[in-house]
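Residue-level structural notes
The chain contents come next:
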Amino acid sequence: MMIKARINQLEVEVPEGTSILAAARQVQVKIPTLCKHRDLLPTAACGICIVRNRGGNKLLRACCTPLEAGMEISTHDREIVDVRRSTLELILSNHPQACLTCGRNGECELQALAADFNIPMESIKRYVKDTPPDRSTGSIVLDFQKCIKCGRCIQVCQEMQDVWALSFLDRGINTRMAPAGDITLAESPCVKCGQCSAHCPTGAIVENDETPAVWEALHDPAKVCVVQIAPSVRVTVGEAFGLPPGTNLTRKLYAGLRRLGFHAVFDTNFSADVTIVEEASEFIERFVHKRGPLPLITSCCPAWTDFMEKNHWDFIDNFSTAKSPQQMLGVLAKTYYAEKAGIDPAKLFMVSIMPCTAKKYELSRTDEMYASGFKDVDVALTTRELARMLKQSGIDFLHLPDGEADSILGDYSGAGTIFGATGGVMEAAVRTAYFYATGKKLDKVELEAVRGLEGVKEGTVNVAGAPIRIAVAHGLANVEEVLERVRTARKAGQETPYHFIEVMACPGGCIGGGGQPYGVDNERRKLRIAGLYQDDRDRQVRCSHENPEVTRVYKEFLGKPLGPKAHQLLHTRYTARPVYQK
Amino acid sequence: MSPLTCADLQALSTRALAEPADWIRVQLDTGGVAAGAEKVFGELTRLCPAGPGIVLRRVGSTGYSFADPVIEVQAAGMPRVHYGRFSPELVSRLLNEHFQAHRLLDDHCIATRSRGVALTAPVTHLLVRDTGREVGGKTEFFQFAFAEELKRRGLAEKVQVVRALDLGVYDEGVAVQLLPSAVTYANVLASDVARIVAESIEGGRVLDDLLWQAPDRQVRIVLRNCGIIDPDDVEDYLQRAHGYQALRRVLTELSPEQVIAELKTSGLRGRGGAGFPTWMKWQLTRAQPADQRYVVCNGDEGDPGAFMDRSVLESDPHTVLEGMMIAAYAMGATRGYFYIRAEYPKAVERIERALVQARERGLLGTNILGTGFAFEAKVRLGAGAFVCGEETALIASIEGKRGSPTPRPPYPSVRGLWGKPTAINNVETLAAVPAIILRGGTWFAGYGTDTSKGTKVFAVTGKVANAQLVEVPMGTTLRDIVFEVCGGVLDGKEIKAVQTGGPSGGVIPREHLDTPVSYETLQKLGSIMGSGGMLVMDQSDSMVDVAKFYLRFCVDESCGKCAPCRIGGYQLLQILDRLSRGRGTEHDLGTINRICQAMQKASLCGLGQTAPNPVLSTLRFFGEEYRAYIEGGPSYARKMSRTGTAAAPAAPAPAAAPTVAAKETAP
């Protein structure tokens, strides 16, 4: 039902239940807030979004108060602005004055609001408790001093991701965001997905900045630096340079990275194709030849594998043993490429540009990540870190002439590029599995059932008369539902409800990753995804197994999919690591 | 134990109870126990003759906290009396003198508050006490004078003159009470002694010029059974306190709508502080379609100095349970929770026992009293967070989550505990319900003012002569409560102010002591009714310290969720702290006002919204004390911290009235 009300004398009509904050946006009234995020329910923590109804004495929080019919809201009267200013001043009095050296400098919501209000002098004495940051994970840094206790990260961690690594401890002025029980983040159930950092309004949670290590390697004449770009990075990196989400900058990235000093530029999309060849073969093994348990569950998301090892280890045997594209490209670069290019693999320094903070953790996840005899990928940078490097380097990134990837590990199919979107791995795998099972090409490669931002997507694909039941979940909180269905069927001795499950830890998949440029919400996710699907449509080759470079690497180096060499280099194992021992 | 039926209850309601001739009730509430009541009880058990002798009973508290441990004694042929400041050493004297020799013990009697107007029976005992400023000064002299006069007239054997501990008459010279008729004389002069003995004791005539007729200010509705029944025995409640008769009436005679209508007539408003009409809360919860509704009893009393809820839970748990069940019936709830702070172990224990006993007697479970009504209740402990008294935080706490408030709407009556419609009522509110049902809403509404009806329990503490629990009709003035009921300021000092409403309230200076107490009047003065804590302060109390004390409490108890309260409270306290060390500036006063405004306007819950009230109200009425610190500097501050005396007495300072948001508890 639609209701009518007035905001700053402007007539507004919205569906019942719409918050005052959202309704105001419709009439171009911006009510400032520090805690409300469009992805999340209001926490009502900051006290900045206060408004007044019809000259009432009491102020309402616009973020969590639904607009009611006939309300006459004013958002910026004298007292409201005064109170807002005082509250902001209070928040600043509890925040270190370290903007210039902060990871969020220039991109901080608190900084922006403080600038808008132009708070000239401080009449309230600063009080910031001296707490050292938590750098224990190597992926995410918790800088407690900068936390404004908005509660976004905690809502993200507990409700969106169901991880429960972060919670509020203590109370009053000592309230802090931290892992419960005063343990380090590394000891907590944290899966390093980094969604907390993507939603944090300030610099309290940031990715572990590893650009110094990359700069050092680039300037080290003894090292040959090579780089790979993850599927989703191409459609998001432009946001850091002011372009709309979804703008495909693949070729600019190739050129930019070469200018940064990388000897070779590879594309993770290529190894995504390799992953599909391995994973689809694995699926055929299990589905057609009945060797191995079903459902097969994708494993290219490191936050998801970490989550599974900690919480759902009863599914270890269902996990695809195929490594993630990042690791596959790493190992192929340090073996196949090194051999072909005649470079000592010991000198190779592999950097990956990832949408993700968990990818930093994946680099040393198990011994198999050193399959080449060296650390297969030396450093994983997030999109945000790359953007900073490009800006530091003096490269006019947006105006670069288009570049090319190295041809040996650089060509990719449309299936490889959609890895970056939720449902993309499943769609890519189905395209190839269908071919493997039937020997025929799909008439229509697009698999609409697994597209979109629905938390859990299901579908059935007919392969030679045998229906493959598939499910796609993104956002870790949506995993439980899917796994529980499988468990229930298992317990009841029934046939599995799904044959193939794709899981991505972050909502929207990698395009919504924890290392992507700030400001993610569903609008942006949709645009980023659209960019990837466009890239897919633009490719001549739409299926992984048809990628000529993939065929070549198998022919020249790997042998057969799932063969001994492929197994040695491209596969991994999982171990149960329950966080809370009973 | 067989389940009770309606017929059983009906029979109980008309049966006269045969009381034993000799009994002693020991008030074993937390206050009593802390003062040694368990030891008294132990000694009594040891020395009381076994068999059909004196019946010993454990009861809750009548509220005479100043005199703990308190016992009440009934001996055949003796007036019933309370003994205060009792000790185990007195037990053998009690048995010998009171029960054998029929003589009252000196210095421990608390006289009855009901005042006789006619000498209906021969006088056996005469209580005497000097109630003047030098309390107790002339008591012994008058005891001697009366005794001599009685001796002279040959009455010494018939009438005992006893020094009383408290006569319920204050600042009225020497007062005497003639027992058993309880005729009380005040402002007795030495010249009156002979007259009293001759006219009243011998002649049986009341001396009208001395007669103290001021009625007892207290009206005990909520506290009606406190200190009278055994809180650990459902039978006592059933047989001696019309226990569960209100429930029977509700289940057999009234529809839920009628119950709500009765509550509406009574005008009962939430006693937790905000004063939301109880009937409306029930109505709103009832109106919400749901498969399950909950009723929660809020026993998370946390104001410093407040102990109303604790006393009621400890002294009369079944009344609260009965009130809860009536509420449940009225709103269609089938489950209830008692949310009681863990610091109240005795209250928890007694509620737990009450639940077990109620279950045994079929008063909980399915098909209660054979009417088909089903109800179950559980106890949940609060872990000592003041903010958990706020409805939404309380719900989160019961659900096992961090006790932080959440935005309203949705109100608990729409989406409360476990997402279901929930009504949260304070202990005192629920305890008033059975009485309203039994005696009618009109009767209840007969007490109090137009907008605030009925009675209210206050815990009067601080610099007051008799710190105690009082229940007075709404509209009673603060002066009456402090001076008439509680005996005025301790050590006869000058009163400076009364703090009401705990950390959410404010101070009311002595110029406003004649304010009748009601939700609205207190709010107008920048304070609130709150749950009923009342702290009396004398001229030696620094108002800056008082503000700091309450603010520190809120700063410690802030859940930390929202910025204005979390940081504002802390920073405000820092400024006050600096100011009270003589390091404050005029500029600080502006900052204090700004922070207070931000906290009041932008905090999410009542705690943060009202936390600045003690600061604002002391600034409003005692602003010169703040300025004295600023002008006097560190040397003044040092002097103050040594002597603890305030500057010049407060002059009425009608500063701009700060607006006060009450600790809101709309459903």
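Residues numbered from 1 in each chain as written. Chains lettered and ligands numbered in written order. Predicted model: local features only at pLDDT ≥ 70, side-chain atom pairs only at ≥ 80, totals over all residues.

**Some remarks on the overall build of chain B**
On a plain count of helices and strands, chain B comes out with 23 helices and 19 strands. The C-alpha radius of gyration of chain B comes to 26 Å, within 12% of the 26 Å expected for a compact globule of 667 residues. Each principal axis of the C-alpha atoms in chain B carries an extent, and together these give about 75 × 70 × 45 Å. In chain B, which comprises 667 residues, the proportion classed as buried is 58%. Considering only residue pairs separated by 6 or more positions, chain B has 74% of its internal contacts joining residues 24 or more positions apart. (Helix = DSSP H or I, 4+ residues; strand = E, 2+ residues; numbered from the N terminus. Rg over C-alpha atoms; globule rule 2.2 N^0.38 Å. Buried ≥ 20, exposed ≤ 12 C-beta atoms within 10 Å, placed from the backbone. Contact = placed C-beta atoms within 7 Å.)

**A short note on the packing of helix α5 (residues 139-152) of chain B against helix α6 (residues 192-202) of chain B**
Residue and element names in this part refer to chain B. Packing of α5 against α6 leaves a shortest axis separation of 9 Å and a crossing angle of 45°. Between α5 and α6, the crossing angle belongs to the class labelled oblique. The crossing of α5 and α6 is right-handed. Residues A145, F146, E149 and L150 of α5 touch α6, and the partners they reach there are V193, A194 and V197. (Axes fitted to C-alpha atoms, helices over the stretch in contact; angles between N-to-C directions. Parallel < 35°, antiparallel > 145°, perpendicular 65-115°, else oblique. Left-handed = near helix turned anticlockwise from the far one by under 90°.)

**Describing unusual backbone geometry**
Residues L179 of chain B and P180 of chain B are joined by a peptide bond in cis, for which omega reads 10°. Relative to the assigned elements, P180 of chain B resides in the loop between β8 (174-179) and β9 (183-188). A cis amide bond links R408 of chain B to the next residue, P409 of chain B, at an omega of -5°. Within the fold, P409 of chain B resides in the loop between α14 (391-398) and β14 (422-426). At K149 of chain A, a position not held by glycine, the phi torsion is positive, near 60°. Relative to the helices and strands, K149 of chain A is located in the loop between β6 (140-142) and α4 (152-160). Classification of K149 of chain A as buried rests on a count of 25 C-beta atoms within 10 Å.

**Regarding the sheet that holds strand β12 (residues 365-368) of chain B**
Two modes of strand pairing occur in sheets, parallel and antiparallel, and in both the strands are linked by backbone hydrogen bonds. Residues and elements named next belong to chain B. Spatial strand order, β12-β13-β11-β10-β14: five strands in an open sheet with mixed pairing. Of all the strands in the sheet, the pair left with one neighbour each is β12 and β14. Recorded for the sheet is a direction-independent mean angle of 25° between the axes of neighbouring strands. Contacts from helix α12 (residues 317-331) reach β10 (294-299), β11 (335-341), β13 (373-382) and β14, with the element oriented near 150° to β10. (Pairing = 2+ DSSP bridges.)

**Here we look at the sheet that holds strand β12 (residues 296-297) of chain A**
All names here are of chain A. One open sheet accounts for four strands, arranged β12-β17-β16-β15; its pairing is mixed. Strands at the two margins of the open sheet, each flanked by one partner only, are β12 and β15 (456-463). Looking at chain direction, β15 and strand β16 (residues 466-474) are connected through eight bridges and run antiparallel. Within β16, the residue paired with V463 across the bridge is A466. Running over the sheet, helix α15 (residues 424-438) touches β15, β16 and β17 (500-504) and is turned about 15° from β15.

**Some remarks on the pairing of strand β6 (residues 125-130) of chain B**
Residue and element names in this part refer to chain B. In terms of residue burial, β6 counts as a mostly covered element, since six of its six residues are buried. Alternating residues of β6 divide into H125, L127 and R129 and L126, V128 and D130, and every residue in both groups is buried. Bridge count between β6 and strand β7 (residues 160-166): four bridges; the pairing is parallel. Counted as the bridge partner of L126 is V161 from β7.

**As for the nonpolar core**
All names here are of chain B. Residues I326, A327 and V460 are the most contacted members of the largest nonpolar core, which totals 380 residues. With ten residues, α12 is the single largest residue contributor to this core. In this structure, V460 is in contact with A467, Q468, V470, I481, V482, C486, M534 and V536, ignoring residues within four places of it in sequence. (Core = buried A, V, L, I, M, F, W, Y, C linked by C-beta atoms within 7 Å.)

**A look at the confidence of the model for chain B**
Residue and element names in this part refer to chain B. Chain-level pLDDT for chain B is 91 on average; 95% of the residues reach the 70-or-more range. Considering each helix and strand of chain B separately, the mean pLDDT is smallest for helix α1 (residues 6-14), with a value of 88, and largest for α12, with 97. Note on residues 646-667: pLDDT is under 50 here. Beyond four places in sequence and across chains, it has 62 contacts. Predicted complex, confidence summary: ipTM 0.91, pTM 0.90. (pLDDT = per-residue confidence, 0-100.)

**Quick look at the interface of chain B and chain A**
Taken together, the 29 residues of chain B in the interface contact 29 residues of chain A. Of all the elements in the fold, those that place two or more residues in the side of chain B that touches chain A are α19 (543-557), α20 (563-580) and α21 (586-602) of chain B. Looking at which element gives the most residues to the side of chain B that touches chain A, the answer is α20 of chain B, with eight residues. Residues of the side of chain B that touches chain A, tallied by class, amount to 14 nonpolar, nine polar and six charged. (Nonpolar A, V, L, I, M, F, W, Y, C, P; charged D, E, K, R; others polar.)

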